Amino acid sequence: MCGIAGIISPNAKKYSEQIQKMTNAMIHRGPDSGHHEFFENAALGHRRLSIIDLSETGKQPMFSQTKKACIVLNGEIYGYQDLKKKYGDYHYRGSSDTEVILAMHQKSGKKLLHELPGMFAFAIWDDEKQELFCARDRFGEKPLYYATGRNGEFIFASEIKGILASGLVEPKINHEALYHFLQYGYVSAFQSIYSNIFTLPPAHFLVSSNGKISTERYYEIPKNDLNISLSEAKEEFTALLKKAIQKQIIADVEVGSFLSGGLDSSTIVAMVNEFKNKQTTISFGYSGEHSELEFAEEIARKYQTNHFEIQENRGNIAMDLLKIAPYFDEPFADMSFIPQFKICEAASRHLKVVLAGDAGDELFGGYSFYRIENLLRKHFSYHHPLVKFGLKQFGKFRETSFLTKENIAHKNILDYHQNSVRNFFNPSQISELGINSKYHQSYSFKANPDSLNDIMRTDLEKYVPGNMLVKSDRMAMANSLEVRTPFLDQDFAEFCIQLPENLKLDAEKDKMILREAMGNYWTETIRNRHKQGFGSSVENWFAEKGLMDLSDDLLKNKTSAIFELINFEAAQKFLNKGKQHWNLLQLAIWAENNQPPNS
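Scope of this entry: the structure provided in the associated data block. (Residues numbered from 1 in each chain as written. Predicted model: local features only at pLDDT ≥ 70, side-chain atom pairs only at ≥ 80, totals over all residues. Heavy atoms only, no water.)

1. Quick notes on the overall build of the chain
Inference 1: Across its full length, the chain carries 25 helices and 17 strands.
Inference 2: Per-residue burial over the chain gives 62% buried out of 599 residues.
Inference 3: When contacts within the chain are restricted to residue pairs at least 6 apart in sequence, those whose partners lie at least 24 apart make up 71%.
Inference 4: Element-wise, carbon and sulfur atoms account for 48% of the exposed surface of the chain, whose accessible area totals about 23200 Å². (Helix = DSSP H or I, 4+ residues; strand = E, 2+ residues; numbered from the N terminus. Buried < 20%, exposed > 50% of the residue type's maximum accessible area, 1.4 Å probe, protein only. Contact = heavy atoms within 4.5 Å. Areas by Shrake-Rupley, 256 points an atom, 1.4 Å probe, with all protein chains shown as cover.)

See below:
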């Protein structure tokens, strides 16, 4: 994996110091080497983590055969060997996947995106057209940010810190993004925390030419469900997953796997075993706490992997937060990012590349709240306003069930999902804190508010790129580790997205298609498992004195940087040692690190 950066401006060589600072700020993304190239009006920079074509012919920035175009790429193009055959008339100098994109660009231009697989964020400078072409992968696995500098420069980088390192942008707080963070605990995949630094959304490309910037969506997830039997689905599911794994284990270094002992990671390890006699697996758990390590050991034994089990004491959470949080560049409140960092840190001692089971819950219907939503829409009051009114009156005198209360409170299951599931603060609480600029994300489809599959589609375009893949990318890259996500292989993911709901979950079971197709690859105890979270409850964390001391220092001090953003008095009522307290603490740590100006 890598870090990329660039400045598009006349007399680009005068920015040699700035481009150097930008790539230096992202050295963790590519510690193996760093290079820069200059055109009259473009400066491109790259930090390299060598995975494919470890030789000099794989280094970036990489020129096309005509020398009129140059690319910087962060990512991996799976199955690039087949593309290389298809674009065989190009004069290749090396064996990297990066060069294949140059060949495709020379022949197909921007249309190359329609057949480009993998996880990627790249920029191609076309010196003949004086045009910069940038693109990001379909699901948002790799990041790309951009901004306009004080002198009109177009600036881009893999991380916000890369843009800020240029010294050409004075960041301004984005209150819509702040609202989104307070509600959900992360910044939307369509925005950044700064109003003048932008993220290129997943499945979009950008063109910068003659001082004009345009962005456009090039991919939409499938909108319709398949009509397919269970037996047909099992066969296709298994075949597509094997193809995805086969493509993603290709590298010029060893590729290992995270192994939590859950259904998703156990499936990845089982599928890798179809192609490799020996593989390395990594597991992580906190000593003395209930963990999944015993289940991971079962799978490791079954497939005779070279297994590394890392156990650590919980340690000083406050110190971990202060060390890790700056890698995000934006406030981020997912409570599992510390153990995620730890397992990436451990894996990087043995490997450069690992496979992970991310996005399985969204594709197969694995979250408990999907089952709750299924029950909500089957409740007798669902879509019956008069029944809801009666139940509301009844509830003033008698206690009603959880399902009744939630049906009364929400218009439909999509409304429940967006405004109750994984929410930290509600709109009135956010308003109390002094933030009123709500953000509404756009989607590539119009959701049916009664469809579980459309809720899963919503998660794939909102939660997965905004939270899950940000966490995966930043925590891995902080440790110079590449994480690959086989479940997000385009063919496999599209198939799963379109599977009918009854093949994903019912009132009793979750991940039905996964259990049916992969059950024979697991051990008996894993076959009978349900989902377990990564990490422990935030209430337990606040029992640690060091964390409370940090909280008091930042959240009970009116002069803390966070109170340039939110109301001090209102914040005090939410210091309840729960998830709202955790959210505010993450915002406070971010504010201290970034000292946002009053805006």
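2. Remarks on the pairing of strand S14 (residues 280-286)
Inference 1: The element S14 is extensively covered by neighbouring structure, given that seven of its seven residues are classed as buried.
Inference 2: Burial along S14 is two-sided: Thr280, Ile282, Phe284 and Tyr286 and Thr281, Ser283 and Gly285, pointing in opposite directions, are all buried.
Inference 3: Of the crossover connections in this fold, the one passing from strand S13 (residues 255-258) over helix H7 (residues 263-272) to the parallel S14 is right-handed.
Inference 4: Taken together, the seven bridges between S14 and strand S15 (residues 306-312) define a ladder with parallel strand orientation. Bridge pairing in S15 places Thr280 opposite Asn306. (Right-handed = clockwise from strand over helix to strand, strands pointing away. Pairing = 2+ DSSP bridges.)

3. A closer look at the sheet that holds strand S10 (residues 197-199)
Inference 1: Read from one edge to the other, the open sheet built from six strands follows the order S2-S3-S1-S9-S8-S10, with strand pairing classed as antiparallel. Two strands in the sheet have a free side with no partner beyond their single neighbour: strand S2 (33-38) and S10. The average undirected angle you get between the axes of adjacent strands in this sheet is 15°.
Inference 2: Across six bridges, S2 lies against strand S3 (residues 42-48) in antiparallel orientation. Paired with Gly34 across the strands is Arg47, a residue of S3.
Inference 3: Relative to strand S1 (residues 2-8), helix H1 (residues 16-24) is tilted by about 155°, and along the sheet it contacts S1, S2, S3 and strand S9 (154-157). (Axes fitted to C-alpha atoms, helices over the stretch in contact; angles between N-to-C directions.)

4. Some thoughts on the side chain of His581
Inference 1: Topologically, His581 is positioned in helix H25 (residues 579-594).
Inference 2: Here Ser551 takes part through its side chain, which lies 2.7 Å from a polar atom of the side chain of His581.
Inference 3: Beyond its immediate sequence surroundings of up to four residues, His581 is in contact with Phe542, Met548, Ser551, Leu555, Phe574, Leu575 and Asn576. (Polar contact = N/O pair within 3.5 Å; in protein donor to acceptor, adjacent residues only side chain to side chain.)

5. A word on the nonpolar core
Inference 1: Phe122, Phe237 and Ile566 are the most contacted members of the largest nonpolar core, which totals 176 residues.
Inference 2: In terms of residues, this core owes the most to one element, H25, which gives eight residues.
Inference 3: Aside from chain neighbours lying at most four places away, what touches Ile566 is Leu182, Leu433, Ile435, Ala571, Leu584 and Leu587. (Core = buried A, V, L, I, M, F, W, Y, C linked by side-chain atoms within 4.5 Å.)

6. Here we look at the packing of helix H12 (residues 368-378) against helix H14 (residues 402-409)
Inference 1: Across the interface, H12 lies against H14 with an axial gap of 10 Å and an inter-helix angle of 75°. Between H12 and H14, the angle is such that the two are roughly perpendicular. When H12 is examined against H14, the residues Ile372, Leu375 and Leu376 are found in contact with a partner set consisting of Phe402, Leu403, Glu406 and Asn407. (Parallel < 35°, antiparallel > 145°, perpendicular 65-115°, else oblique.)

7. A short note on the packing of aromatic side chains
Inference 1: A full pass over the atoms with the stated rule returns 29 aromatic pairs.
Inference 2: Seen in terms of ring centroids, Phe542 and Trp582 are 6.5 Å apart; in terms of plane orientation they differ by 80°. Their pairing is edge-to-face. Taken together, the residues Phe542 in the loop between helix H22 (538-541) and helix H23 (545-555) and Trp582 in helix H25 connect sequence positions 40 residues apart. Comparing Phe542 with Trp582 shows no difference in burial state: the two are buried.
Inference 3: Taken together, Phe120, Phe122, Phe133 and Phe205 form an aromatic cluster joined through their ring pairs.
Inference 4: The ring of Tyr219 has Arg138 sitting right over it, with the charged end atom 5.4 Å from the ring centre. (Phe/Tyr/Trp six-rings, centres within 6.5 Å; stacked < 30°, edge-to-face > 60°. Lys NZ or Arg CZ within 6 Å of the ring centre and 35° of its normal.)

8. Here's the deal with unusual backbone geometry
Inference 1: For the bond from Gln60 to Pro61, the omega torsion is -5°, close enough to zero to count as cis.
Inference 2: Inspection of the secondary structure assignment puts Pro61 in the loop between S3 and strand S4 (62-63).
Inference 3: For Ala203, which is not glycine, the phi torsion reads 65° and is therefore positive.
Inference 4: Structurally, Ala203 is set in the loop between S10 and strand S11 (204-209).
Inference 5: On the accessibility criterion, Ala203 (1% relative accessible area) is buried.
Inference 6: Of note in this structure, Lys577 is not a glycine but carries a positive phi near 60°.
Inference 7: The topology assignment puts Lys577 in the loop between helix H24 (568-572) and H25.

9. Focus on the packing of helix H6 (residues 230-248) against helix H19 (residues 490-498)
Relative placement of two packed helices is described by the angle separating their axes and the distance separating the axes.
Inference 1: Two elements in contact, H6 and H19, have axes separated by 9 Å at closest approach and are oriented at 155°. Here H6 is positioned roughly antiparallel relative to H19, judged by the angle of their axes. In terms of crossing hand, the pair formed by H6 and H19 is left-handed. Contacts between H6 and H19 involve Ala233, Glu236, Phe237, Leu240 and Leu241 on the former and, on the latter, Asp491, Phe492, Phe495 and Cys496.
Inference 2: The residue makeup of the contact of H6 with H19, split by class, is seven nonpolar, no polar and two charged. (Left-handed = near helix turned anticlockwise from the far one by under 90°. Nonpolar A, V, L, I, M, F, W, Y, C, P; charged D, E, K, R; others polar.)

10. Notes on the environment of Phe389
Inference 1: By the secondary structure assignment, Phe389 is in helix H13 (residues 385-394).
Inference 2: In this structure, the C-alpha to C-alpha distance between Phe389 and Ile408, residues 19 residues apart in sequence, is 7.7 Å.

11. A short note on the pattern of salt bridges
Inference 1: Counted according to the given criterion, the structure contains 34 salt bridges.
Inference 2: Here Glu76 makes a salt bridge to Arg484, at a shortest N to O gap of 3.8 Å. Of the two residues, Glu76 is situated in strand S5 (residues 69-76) and Arg484 in strand S17 (residues 482-484); the sequence distance between them amounts to 408 residues.
Inference 3: Owing to a relative accessible area of 3%, Glu76 belongs among the buried residues under this scheme.
Inference 4: One salt bridge connects Lys558 with Glu569, and the closest N-O pair in it is separated by 3.5 Å. With a gap of eleven residues between them, Lys558 in the loop between H23 and H24 and Glu569 in helix H24 connect regions that are remote in the sequence. (Salt bridge = Lys/Arg side-chain N within 4 Å of Asp/Glu carboxyl O.)

12. Description of the state of the cysteines
Disulfide: a covalent bond formed between the sulfur atoms of two cysteine residues.
Inference 1: Evaluated as defined, the whole model comprises zero disulfides.
Inference 2: With no disulfide of its own, Cys134 has Cys70 as its nearest cysteine by sulfur position, at a separation of 13 Å. (Disulfide = S-S within 2.5 Å.)

13. So, the sheet that holds strand S6 (residues 119-126)
Strand-to-strand pairing in sheets goes through backbone hydrogen bonds, with the strands running parallel or antiparallel.
Inference 1: Sheet architecture is open: six strands sit in the order S4-S5-S6-S7-S11-S12, paired in antiparallel fashion. Two strands bound the open sheet, and with one partner strand each, they are S4 and strand S12 (212-217).
Inference 2: Pairing analysis gives two bridges linking S4 to S5, with the strands arranged antiparallel. In the sheet register, Phe63 faces S5, and the bridge partner there is Cys70.
Inference 3: Along the sheet face, helix H3 (residues 97-108) touches S4, S5, S6 and strand S7 (131-136) and points at about 130° away from the line of S5.

Keep in mind that these numbers describe shape and distance, not what the molecule does.
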